[in-house]
Amino acid sequence: MIRYFATLIILLSAAPSSAYWKQHVRTSIRVSLDDKEHFLRGFEYLVYTNNAPDTLRFIYVHLWPNAYKNDRTRFAEQQVEMGKTDFYFSSANDKGYIDSLQFSVNGENVEYSYYGDNIDIAKIDLPVPLAPGDSLIIETPFRVKIPKLFSRLGHNGQSYFISQWFPKPAVYDFKGWHPMSYLDQGEFYSEFGSYDVQITLPKNYILMASGNCMNPEEQSRMDSLSRIDLPEDTLYRRNVPVSDTRFRTVRFTEDNVHDFAWFADKRWIVRKDSIETIQIYTAFLPSHQAEWLKANVYLKATLESYDNSIGKYPYKTIKAVEGDMSAGGGMEYPTITIIDRAAVSSLPNVLIHEAGHNWFYGMLGSNERDYPWMDEGLNSFYEQKTRWLLKNDEVKDRDNVDEDYMYFQQVANNKDQPINLASSDYSSVNYGAVVYFKSALMLKWLEAYMGKENFETGMKSYFSQWKYKHPYPEDFRAIMQSFTPKNLDWFFTDAFKTTQPIDFKLNSVKWRNSRANVSIKNKSDFAAPVQLSFYKSDSMIHAQWIEPFAGKTTIALDNEMKFDKVEISSDFVDLRMANNDYTKRTFFRKGVIDIGVGFGYNRKSVRRVYIAPAFGYNFYDGFGIGLLCHNLAFPQSRFRFAFVPQFSTSSKQLNGMAALSYSWYPKNIFQEIRVQNNIKSYAQNKSDLNINEPLFARYLKVSPFVEFLFKDIDKEARIQRKIVLKQYTIWEQQLDYVQNFSIDSLYRPALRNSQSAYATLSYEYKNNRTFHPYGWNGTSQFGQNFIKLSLEGRLRVDYDVKNKSLYLRAFAGKFLTTNTSTNNSRYYLNTTFSGLNDYLFDGIYLGRNENQGFLSQQVSLQEGAFKTPTNLYASPLGRTDNWLLAINLKTDLPFGKLPIRLYADIATFADAKRINPSGGGILYNAGLELSFFKELLCIYAPLLMSKDYNNYLREMYPENRFLKSISFSINIQQINGLRAHEFLFKELTQ
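Now for a description of the structure that goes with this document. (Residues numbered from 1 in each chain as written. Predicted model: local features only at pLDDT ≥ 70, side-chain atom pairs only at ≥ 80, totals over all residues. Heavy atoms only, no water.)

Focus: the packing of aromatic side chains
Right, so step 1: This model, assessed by the stated rule, comprises 83 aromatic pairs.
Right, so step 2: Between the aromatic rings of Phe192 and Tyr468, the centroid separation amounts to 6.1 Å while the plane-to-plane angle is 70 degrees, which identifies the pairing as edge-to-face. Separated by 276 residues along the polypeptide, Phe192 in the loop between β14 (176–178) and β15 (193–202) and Tyr468 in the loop between α10 (452–466) and α11 (473–482) bring together distant segments of the chain. Each member of the pair Phe192 and Tyr468 is classed as buried.
Right, so step 3: By way of ring pairs, the aromatic residues Trp373, Trp445, Tyr449, Tyr462, Phe476, Trp490, Phe491, Phe492, Phe496, Phe504, Trp545 and Phe549 are connected into one cluster.
Right, so step 4: When the ring centre of Phe58 is taken as reference, the NZ or CZ atom of Lys123 above it lies at 4.5 Å.
Right, so step 5: In this arrangement the basic side chain of Lys890 is found over the ring face of Tyr807, its NZ or CZ atom lying 5.6 Å from the centre. (Phe/Tyr/Trp six-rings, centres within 6.5 Å; stacked < 30°, edge-to-face > 60°. Helix = DSSP H or I, 4+ residues; strand = E, 2+ residues; numbered from the N terminus. Buried < 20%, exposed > 50% of the residue type's maximum accessible area, 1.4 Å probe, protein only. Lys NZ or Arg CZ within 6 Å of the ring centre and 35° of its normal.)

Set out below in structure tokens:
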């Protein structure tokens, strides 16, 4: 009895007190659509009731269409910050705004001012203070220039997506006013109230909006549309009907909602259904009719699942439409949601999620801008439950790779962020990875720890007590705590703050006198609970929670417990599952190694190694056929390896490469410290001079290095700084030509072996900002008889045209000889860098030592980075044993999207006038560049070059001179193979 009394006291303290208050806004709008000029013209009448204990002397009003007015708004700045440039480069005609405002308060005209430099927030000073319990009337005409679709409000031709479109008071709660600029990443916080909206538009538009249609003739029209046969012409979306010259006005009303949105298109297919007293509508494009035909089924499933788990849906309609979105796959509004047509492949998932927002934050009106997990996290958790209940092949199970991998990859890569941040504080990747997926996984953990029944009762109580109100995190925490005797501080305090991997490890199971002692280690940075499951012949016989603990703990089991397997539950946020189980009487007591094909997901109960076919080619070995064996997967492991043995069809030798690395993630100065070793062996030359079978010269390179990557300075990790210390040991076979007079006087090839060692120390800085990114690196290279110093800088100057830029590179190098008695010419600085200069064997060359033919025309953008090789000279043009300065420029052309650029290189070096045959002090070349696959392959055609290059081409190539002057570069070596999956992850999440 005492326990139940205590629970009642906690529950009462968690409920909103009688002193709780919230403001109320009753909004009436008349608006008409001009679909020729893309304008809205309207008039707004709203009644604002002050339920606060404070007297109000001003009111903040959101004018969110002004977010699209120019490139200086917070929305525009965020777009650039996130690397999105469509809006920045848009024309004035494609931008949007709200104007023609003339506010009056209780019939008296008033002026308004902007909130600081935020033109999408207005401040209205009240002519008479608004006392507690009183109301006032605000009226204004308004006009909205509908922007092209860059975010949520906009149009795509004559398809209209009208949201965040009218003057709307900001929330005033017990924490004060909450004026907020419109953002793409970061949603909303609005007052509850009622809406009465009349929309006038051409008669042949199909109109879907928040709330209930009050026109019987419109309801009949929608019913008729829902019965029309599906069109056979699925390309109908490309032929937009001409707008009717006649207009109609449709009225919608709704109570206890915080917003009103509407959407209009002349091409939609409409389908209607119902469940109990709720009318269900979907409207979609003919081209996606196959995917959308079951949309009403998914809406029904959402209603049933959320009703049962949280609380009853109170409105009379629920709707979903297909359209265009530039702020995620879908967006929710009261009783209606829009799904981006680009998200049609995952329609069930997105539709359930967006419809679920009618609960979070539709009825539970939390401050989504400051606490996005209260909306997206809670909703993602219940979306997953709904998808699971459907058990439909079309609905993906989130336990697969489709979504949660984003969070696990981020935490494995030391890029995680806490759950309790404001939406604008997240990186663009973590807004999804943390706010949606990490939060949902954490809630799944909380549900298991509390018990499903307690958790569900708590959620229903939370919904019942805070419906149509503005709950804060402490309100949710208080209610959930009231439904369990267990202390939940570990969850609401520590789990919400952590950015470290959560990893429980089953250390050992030891038997003593038939009594089992199970040792578990918590490798995370806070005390947390974990569940153990015990099995006998694959049947679970016992489950036990271990209360929150840090470090190691051991539990002793009853003598009667007979099990042959124990397992740590991995249903939640445990990063590494391969250390979670123990099986008795097996050789691999902690699991075996599994073999997978290709690439995969690294959250398995066993360690997985992947295999895939591997192919390669170079002029000497011919085609290489082999096998790639690796452990690269999402999320990445700290220890990574890749082995690529290949049999070469020409050299008939076993070649290949291998790489192994291990990463540490410190908490202070460095983001990551990585040790890696690369091994590579291929043929580098061949000769069949006067012999029956060619002789192949090979090389073997071993290059261990340590990389220190500094902590990220900003959330998007645009600024990258690292120090790399690298060592090379290289064994080479080189071709010599010798005579054996005991046989004849002919020269024949022979192999000469050598070994070299080098070391490099480099510092690299990159600022990958959206506009004008730049970077530089300084490198010191040490050989046995030389030191080479270099400094390289890069800058991209962006034009005022999207995706058009000028690219600048500058290089300065200094060569120092430490032993003048040796020939160091191989290591000299070069204006044109080719395979002949790559003594570190870092590059990938098709014909490394070729000085004639097509393969000799491969260059690398190193040192002088010129595009014209002069390999047939004994001393190629631009080689120096002292110093070298070079500038490289290239520019996009102003027309089209063709991958063509102009390039120009200019260089000078020590004693250039003496060394250059022409006596000139500089070298230059310029021409056209064609780039493919993000510059992994580039082709260069010279159009202009200095006299020395012209003389070289005339002398060496009397025929086909232009073709033989064309060069190319292969830049695959810039991608670290063991980090290729990180590169792929970045591409997939942009």
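Regarding the sheet that holds strand β22 (residues 317–323)
Right, so step 1: Pairing is mixed across the open sheet formed by five strands, whose spatial order is β20-β21-β22-β24-β23. Each edge of the open sheet carries a strand with a single partner, namely β20 (269–275) and β23 (330–333). Across the sheet, the mean angle from the axis of one strand to that of its neighbour is 15 degrees, orientation sign disregarded.
Right, so step 2: Sheet topology note: the strand β21 (residues 278–284)/β22 ladder contains five bridges and is parallel. Within β22, the position partnered with Ile280 by the bridge is Ile318.
Right, so step 3: Running at roughly 105 degrees to β20, helix α3 (residues 216–227) makes contact with β20 and β21 of the sheet.
Right, so step 4: Relative to the sheet, helix α6 (residues 347–356) contacts β22, β23 and β24 (336–340), its axis offset from that of β24 by approximately 150 degrees. (Pairing = 2+ DSSP bridges. Axes fitted to C-alpha atoms, helices over the stretch in contact; angles between N-to-C directions. Contact = heavy atoms within 4.5 Å.)

Regarding unusual backbone geometry
Right, so step 1: A cis amide bond links Phe360 to the next residue, Tyr361, at an omega of 5 degrees.
Right, so step 2: Inspection of the secondary structure assignment puts Tyr361 in the loop between α6 and α7 (376–390).
Right, so step 3: Omega for the bond connecting Phe634 with Pro635 falls within 30 degrees of zero, at -10 degrees, which places this linkage in the cis form.
Right, so step 4: Looking at the element boundaries, Pro635 is found in the loop between β36 (633–634) and β37 (639–648).
Right, so step 5: Phi is positive for Phe841, close to 55 degrees, though the residue is something other than glycine.
Right, so step 6: Of note, the phi angle at Ala865 is positive, near 60 degrees, even though the residue is not glycine.
Right, so step 7: Residue placement: Ala865 occurs in the loop between β46 (829–830) and β47 (879–880).
Right, so step 8: Residue Ala865 is classed as buried on the basis of its relative accessible area, which comes to 2%.

Re the pattern of salt bridges
Right, so step 1: Counted according to the given criterion, the structure contains 50 salt bridges.
Right, so step 2: Across the pair Lys715 and Glu81 runs a salt bridge whose closest N-O atoms are separated by 3.3 Å. Within this pair, whereas Lys715 is found in the loop between β40 (695–710) and β41 (719–739), its partner Glu81 is found in helix α2 (residues 74–81), the two being separated by 634 residues in sequence.
Right, so step 3: A relative accessible area of 30% places Lys715 in the partly exposed class. (Salt bridge = Lys/Arg side-chain N within 4 Å of Asp/Glu carboxyl O.)

Considering α3
Right, so step 1: A rise of 1.5 Å per residue sets the reference length of α3, with its twelve residues, at 16 Å; its end C-alpha atoms lie 17 Å apart and thus fit the reference within 8%.
Right, so step 2: Next to the buried residues of α3 lie β16 (206–209), β17 (212–213), β18 (247–257), β20 and β21. (Expected span 1.5 Å × (residues − 1).)

Points about the environment of Lys175
Right, so step 1: Tracing the sequence through the fold places Lys175 in the loop between β13 (171–173) and β14.
Right, so step 2: On the basis of relative accessibility, which here comes to 42%, the residue Lys175 falls in the partly exposed class.
Right, so step 3: Among all residues touching Lys175, those that are not within four sequence positions of it are Tyr371, Tyr472 and Glu474.
Right, so step 4: Within the local environment of Lys175, its side chain forms a polar contact with the side chain of Tyr371, the two groups lying 3.5 Å apart. (Polar contact = N/O pair within 3.5 Å; in protein donor to acceptor, adjacent residues only side chain to side chain.)

Some points on the sheet that holds β16
Right, so step 1: Spatial strand order, β10-β11-β19-β16: four strands in an open sheet with antiparallel pairing. Each of the sheet's edge strands pairs with one partner strand only, and the pair in question is β10 (154–156) and β16. Across the sheet, the mean angle separating the axes of adjacent strands is 10 degrees when strand polarity is ignored.
Right, so step 2: Here three bridges tie β10 to strand β11 (residues 159–162), and the two strands are oriented antiparallel to one another. When the bridges of β11 are listed, Gly154 appears paired with Phe161.

As for the nonpolar core
Right, so step 1: Of all hydrophobic cores here, the largest spans 185 residues; its most connected members are Tyr48, Trp165, Phe260, Trp262 and Trp445.
Right, so step 2: Top element by residues in this core is helix α9 (residues 428–450). It accounts for 15 residues.
Right, so step 3: The contact partners of Phe260, leaving out residues within four places of it in the chain, are Trp165, Phe166, Tyr195, Val197, Ile199, Ala209, Ser210 and Phe252.
Right, so step 4: Residues Ile730, Tyr827, Tyr828 and Ala886 belong to the second largest nonpolar core, which totals 28 residues. (Core = buried A, V, L, I, M, F, W, Y, C linked by side-chain atoms within 4.5 Å.)

Quick word on the packing of α9 against α10
Right, so step 1: Between α9 and α10, the shortest axis-to-axis distance is 6 Å and the interhelical angle comes to 115 degrees. Of α10, the residues touching α9 (which contributes Leu443, Leu446, Glu447 and Met450) are Lys452, Asn454 and Phe455.
Right, so step 2: For the contact of α9 with α10, the per-class residue count stands at four nonpolar, one polar and two charged. (Nonpolar A, V, L, I, M, F, W, Y, C, P; charged D, E, K, R; others polar.)

A short note on the side chain of Asp375
Right, so step 1: Of note, Asp375 is situated in the loop between α6 and α7.
Right, so step 2: For the buried Asp375, no salt bridge exists, and the shortest N-O distance to an oppositely charged side chain is 9.0 Å, to Arg152.
Right, so step 3: Among the polar contacts made by the side chain of Asp375, one reaches the side chain of His357 at a distance of 2.9 Å.
Right, so step 4: Polar side-chain contacts of Asp375 include one of 2.7 Å to the backbone nitrogen of Tyr361.
Right, so step 5: When sequence neighbours within four positions are dropped, the list of residues in contact with Asp375 reads Glu187, Glu332, His357, Phe360, Tyr361, Ser366 and Glu368. (Lys, Arg positive; Asp, Glu negative; His and termini not counted.)

Quick look at the environment of Ser439
Right, so step 1: Tracing the chain through its elements places Ser439 in helix α9.
Right, so step 2: The class for Ser439 is buried, based on a relative accessible area of 2%.
Right, so step 3: Along the sequence, Ser439 and Leu836 sit 397 residues apart, while their C-alpha atoms lie 54 Å from each other.
Right, so step 4: Once residues within four sequence positions are removed from consideration, Ser439 is found in contact with Trp373, Gly377, Ile419 and Val434.

Some details on the environment of Pro286
Right, so step 1: Looking at where Pro286 falls in the secondary structure, it is placed in the loop between β21 and α4 (289–292).
Right, so step 2: Residue class for Pro286 comes out buried when judged on its relative accessible area of 1%.
Right, so step 3: Between the C-alpha atom of Pro286 and that of Ile269, which follows or precedes it by 17 residues, the distance is 6.3 Å.

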